[in-house]
Number of protein chains: 2
Amino acid sequence: MKIKFNREELQSAVNIVSKAVSVKSTMPILECILIKASSEEIRFTANNLELGIETVVKCDKCKVQEPGKTAIEARLFADIVSKITENPDGDIIFTSDGNIVEMTSMSASYKIQEKDPDQFPELPMLNEDNYIAISQFTLKEIIKDTIFSIAVNDSNKMMTGELFEVNGNILKAVTLDGHRISIRNTELKEDYGSFKAVIPGRTLTEISKILSGEADREVLIFFEKESVMFRFDNTVMVSRLIDGEYFRIDNMLSSDYDTKLVVNRKEFLSNVERSTILIRESDKKPLVLNIRDQNMNMKLNSVLGSLNSDMMVNKTGNDLMIGFNPKFILDVLRVVDDEEISIYMTNSKAPCFIRDDAQSYIYLILPINFNTAAY
Amino acid sequence: MKIKFNREELQSAVNIVSKAVSVKSTMPILECILIKASSEEIRFTANNLELGIETVVKCDKCKVQEPGKTAIEARLFADIVSKITENPDGDIIFTSDGNIVEMTSMSASYKIQEKDPDQFPELPMLNEDNYIAISQFTLKEIIKDTIFSIAVNDSNKMMTGELFEVNGNILKAVTLDGHRISIRNTELKEDYGSFKAVIPGRTLTEISKILSGEADREVLIFFEKESVMFRFDNTVMVSRLIDGEYFRIDNMLSSDYDTKLVVNRKEFLSNVERSTILIRESDKKPLVLNIRDQNMNMKLNSVLGSLNSDMMVNKTGNDLMIGFNPKFILDVLRVVDDEEISIYMTNSKAPCFIRDDAQSYIYLILPINFNTAAY
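Everything quoted here is computed from the prediction, not taken from an experiment.

Undergrad: Any chance you could explain the overall build of chain A here in plain terms?
TA: Each helix and strand counted, chain A has six helices and 26 strands in total. Once the C-alpha set of chain A is aligned to its principal axes, its extents read approximately 75 × 50 × 35 Å. The long-range share in chain A, meaning contacts at least 24 apart out of those at least 6 apart in sequence, stands at 67%. As displayed, chain A offers around 16900 Å² of accessible surface, 47% of which is attributable to carbon and sulfur atoms. Of the side chains in chain A, 44 bear a positive and 57 a negative charge, and the two mean positions are spaced by 4 Å.

Undergrad: Help me understand the layout of surface pockets in this model?
TA: Over the atoms, a rolling probe the size of a water molecule traces out where space has been left empty. Of the pockets and cavities examined, the largest pocket occupies roughly 610 Å³. Lining the largest pocket we find 26 residues, and of these H179, K284, N325, K327 and F328 of chain B sit closest to its centre. Considering every element that reaches the lining of the largest pocket, the biggest residue donor is helix α6 (residues 326-335) of chain B, with four residues. Here the lining of the largest pocket is composed, by residue class, of twelve nonpolar, seven polar and seven charged. Estimated volume of the second largest pocket: approximately 500 Å³. Considering the residues around the second largest pocket, the lining is formed by 19 residues, among which D177, H179, K284, N325 and F328 of chain A are closest to the centre. By residue number, the principal contributor to the lining of the second largest pocket is helix α6 (residues 326-335) of chain A, which donates three residues. Of the residues contributing to the lining of the second largest pocket, the split by class is ten nonpolar, three polar and six charged.

Undergrad: Looking at this structure, I do not really get the pattern of salt bridges. What am I missing?
TA: Two side chains carrying opposite charge are able to pair once their charged atoms lie near each other. Residues and elements named next belong to chain A. Within this structure, the stated rule accounts for 50 salt bridges over all chains. The shortest N-O distance in the salt bridge between E245 and K196 comes to 3.8 Å. Here E245 is found in the loop between β17 (235-240) and β18 (259-264), whereas its partner K196 is found in strand β14 (residues 194-200), with 49 residues between them in sequence. By sharing partners, the salt bridges in this structure join E41, R43, E54 and K58 into a single network.

Undergrad: Whenever I open this one, the relation of the copies chain B and chain A confuses me. Can you help?
TA: Each copy of the chain is related to the other by a rotation around an axis and a translation along that axis. With an axial shift of 0.0 Å and an RMSD of 0.0 Å, the rotation relating chain B to chain A amounts to 180 degrees. Seen this way, the second copy is the image of the first under a two-fold rotation axis. The position closest to the rotation axis in chain B is occupied by the C-alpha of E281 of chain B, lying 16 Å away. Interface residue correspondence from chain B to chain A reaches 100%, placing this contact among same-surface, isologous pairings.

Undergrad: Sorry if this is basic, but what is going on with the sheet that holds strand β5 (residues 63-66) of chain A here?
TA: Backbone-to-backbone hydrogen bonds join strands into a sheet, with any given pair of strands oriented parallel or antiparallel. Taken in spatial order, the nine strands of this open sheet run β5(A)-β1(A)-β7(A)-β8(A)-β9(A)-β21(B)-β20(B)-β19(B)-β23(B), and their pairing is antiparallel. At either margin of the open sheet sits one strand with a lone partner, and together these are β5 of chain A together with β23 (320-324) of chain B. Averaged over all neighbouring strand pairs, the angle between strand axes comes to 15 degrees, with direction disregarded. Examined bridge by bridge, strand β20 (residues 295-301) of chain B and strand β21 (residues 305-312) of chain B share seven bridges and lie antiparallel to one another. If you follow N301 of chain B over to β21 of chain B, its bridge partner there is S306 of chain B. Docked against the sheet, helix α5 (residues 265-276) of chain B engages β9 (108-113) of chain A together with β19 (287-292), β20 and β21 of chain B, running at close to 170 degrees with respect to β21 of chain B.

Undergrad: How should I be thinking about the packing of helix α1 (residues 7-18) of chain B against helix α2 (residues 74-84) of chain B in this particular structure?
TA: In a pair of packed helices, the angle between the axes and the distance between the axes together describe the arrangement. Residue and element names in this part refer to chain B. Orientation of α1 relative to α2, taken along the N-to-C sense of each, is 150 degrees, at an axis distance of 10 Å. Comparing their axes, α2 and α1 come out roughly antiparallel. In this structure, α1 crosses over α2, and the sense of that crossing is left-handed. From α1, R7, L10, Q11, V14 and S18 reach across to α2, where they touch F77, A78, V81, S82 and I84.

Undergrad: Got a minute to help me understand the side chain of T45 of chain B in this structure?
TA: Residue and element names in this part refer to chain B. With respect to the element layout, T45 can be found in strand β3 (residues 41-47). Since its relative accessible area comes to 1%, T45 is described here as buried. Sequence-distant contacts of T45, defined by excluding residues within four places in its chain, comprise V17, C32, I33, L34, I53, E54, F120 and L123.

Undergrad: Looking at this structure, how should I read the interface of chain B and chain A?
TA: Interfaces are often sized by the accessible area lost when the parts come together. With 28 residues of chain B at the interface, the matching set in chain A holds 28 residues. Carbon and sulfur atoms make up 48% of the surface buried where chain B meets chain A, a total of about 2500 Å² over both sides. Its largest share of buried area at the contact with chain A, chain B owes to R274, I277 and R280 of chain B, together 24% of the area lost on that side. Linking chain B to chain A there are four salt bridges. The partner of E273 of chain A in a salt bridge is K83 of chain B, and the shortest N-O contact between them spans 4.0 Å. For the pair chain B and chain A, the number of links is six residue pairs in polar contact (both at pLDDT 80 or more). For the side of chain B that touches chain A, the elements supplying multiple residues, two or more each, are α2, β9 (108-113), α5 and β21 of chain B. Each residue belonging to the side of chain B that touches chain A can be placed in one class, and the counts come to nine nonpolar, nine polar and ten charged.

What counts and what doesn't
- By convention here, each chain's residues receive numbers from 1 onward along its written sequence.
- Following the order in which they are written, the chains are lettered starting with A and the ligands numbered starting with 1.
- Under the rules for a predicted model, residues below a pLDDT of 70 receive no local features and side-chain atom pairs below 80 are neither given nor counted, while totals for whole chains, interfaces and linings still include all residues.
- The side-chain values count all of the structure's non-hydrogen atoms but skip hydrogen atoms and water molecules.
- Working definition: helices are DSSP H or I runs of at least four residues, strands are E runs of at least two. Numbering for both runs from the N terminus.
- It only takes one pair of heavy atoms within 4.5 Å for two residues to be counted as in contact.
- The Shrake-Rupley method, run with a 1.4 Å probe sphere, supplies the accessible areas, and residue values consider only the shown protein chains as cover.
- Counting rule applied: Lys, Arg positive; Asp, Glu negative; His and chain ends not counted.
- Positions of charges follow a simple convention, taking NZ of Lys, CZ of Arg, CG of Asp or CD of Glu.
- A 1.4 Å probe that fits into a set of points on a 1 Å grid over the protein atoms alone but cannot get out defines a cavity; an open set with protein on both sides within 12 Å along at least five of seven lines defines a pocket, and lining residues are those with an atom within 4 Å of a point.
- Grid points are joined across faces, edges and corners, and a volume is the space filled by probe spheres set on the points.
- Residue polarity follows a fixed list, in which Ala, Val, Leu, Ile, Met, Phe, Trp, Tyr, Cys and Pro are nonpolar, Asp, Glu, Lys and Arg are charged, and the others, Gly among them, are polar.
- We define a salt bridge as a contact between a side-chain nitrogen of Lys or Arg and a carboxyl oxygen of Asp or Glu at a distance within 4 Å.
- Least-squares fitting of one copy onto the other uses the C-alpha atoms of those residues that reach a pLDDT of at least 70 in both copies.
- Two strands are said to pair when DSSP picks up at least two bridges between them.
- Axis angles are defined between N-to-C directions and span 0 to 180 degrees, where every axis is a line fitted to C-alpha atoms and, for a helix, only to the segment in contact.
- Throughout this description, any angle smaller than 35 degrees is read as roughly parallel, any larger than 145 degrees as roughly antiparallel, any in the 65 to 115 degree range as roughly perpendicular, and the remainder as oblique.
- Helix crossings fall into two classes, left-handed where the near helix is turned counterclockwise from the far one by less than a right angle and right-handed where it is turned clockwise.
- Burial classes follow relative accessibility: with a 1.4 Å probe on protein chains only, a residue under 20% of its type's maximum area counts as buried, one over 50% as exposed, and anything between as partly exposed.
- By convention, the term buried area covers the 1.4 Å-probe accessible surface removed from two parts as they join, with the contributions of both added.
- Here a polar contact is recorded for every N or O atom pair within 3.5 Å, except that within protein the pair must consist of a potential hydrogen donor and a potential acceptor, and residues adjacent in sequence are included only if both atoms are side-chain atoms.

In structure tokens form, the structure reads like this:
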């Protein structure tokens, strides 16, 4: 095999597929990148069996002088590519003799050992019956706005995934971790039917890094029973799904409330951030909101000290005293873009909702018990 | 005690003294910052017994409404100051009743526990007989140019320090770690006499972070038998010295050579950097330079693969094949500013020198043995 690579295209392809490389595997071939060159294109593949990515470099700036295939240890390959592409001049000549890969650029050349490309597990091909089309920008936004309330450790595997549920022209994305729920409803351009999937959080984190995020470029998402496939630009990403029924969240949601606040998001954010410096590690101290008329007093007491601050709010309904884990409020305030947000509460034991009128986002946060006498 | 603080001045004073706070100590008072306010000034002090810093805030933008002193846990204080100074408006009111410190800014107020200021160990005062004056810029440069070849672990305590030796109007700074020596000779404006000290590496790292680095601002350095004191701007820094005689390095230096190279620094740097990606962790593979006429070939073989590259050099004297730890060459190439550097070598077993004609810098690097047949 012999290929003349354009620097940027080589760098970009390696960056993309690297997201699906196994870091430490009992199968060393999963720590590799597979490269297959035909006369028209060069195909890069990585596959850790949970997540696989394939990206194609077309032969316009690159030239395949001799077709073939090889597999190379990914981390080393990425290091070499990033060093060898530093110098802005000239192409990179990539040759493989079935044993040693040589990469040459100007006056420097690297030689590294190849792995057997035939051991590499190819990506499964999905049927394309159930799919949606969505802009790269919107998919990136949906992930950013919900991924934070996924459970990190997998004592409950289902909580480490995100529900993508399509109903006609609506895509609903849901994450929850037992203390809070994040929901994002997105209108699609067409009616696509009804289907759903629970996608591993890691898959969404990785695709977020690869998506260019442009509003006028699309992603197609194909849904099958056990897998989901994303197709965009020159790239295909296939991920296994989390198996089983997602939590029923509809009966946890309610639009009744006794207290409604409209607050300036940035001012609230800066007040909550101030309180978090008094909390260290696993400390679980509530931030207590005391809402009286149009004033919201915020207090946090910890072993380190106490914070007391006030801000003006636009309140309708009852006065209320309620405590929250300040981190959960921060997570929401950091992803919402609105200048003013609406907060709906019932009493100090009932969940609080942060949502917009169109319900394009709904955040449920459970309050924390506290000893009212101390505040 | 009651003080009205200007935000920037409070932030800056806390940042400066924080460098000398104990991270974890059996004496909790060493984890504190001492604040003493008189009608003219507010004095901030931190002291971990190895290193102490004191900085003074003058009462022009700040006002002491009630003099006094207190001690506060430094990390928490720094966190609060950085949060409370985020909002650009208004001053910070700081009060202490001998038990609780309250810091108030606009609509937020923090309360934290004080510590007993009388337990705080004051900084020692040094006599001012032996001293030099040097620009902040130059001191920062000297440290940057030498600190990298200090030994990190202290199996040999003396190697964790840096020799500062004054002889008339020359300051010589030396570090060494058993594989290499770095020397920086700096001409001073006056003749200051003869004295020397071995300053702990950590002290120099910390002062580097505090110095503004401007060429027209001076540092005075006072030398005593067991301590050194740096005085600059509104700040004083006192450090213990490393006790004992520093290594005799003069007989290790030589100006004889059989091969002299003049090379473009950036090109050599980029070639050496390329080789380091084939080395992982404790791997000690030499970069072998093979100098033939006006060409230098560089080869590195490791378990991961091999690199082969060439560059043009300006050579006088013998051809030579010699191996080095590439990291040691990198460290030097990264701090020298010259566009072209001169490298002096004798044979593959003898130390190599990188130095300028004026000997304002001298770097000695020991070569590594290698099996010539493999290169």
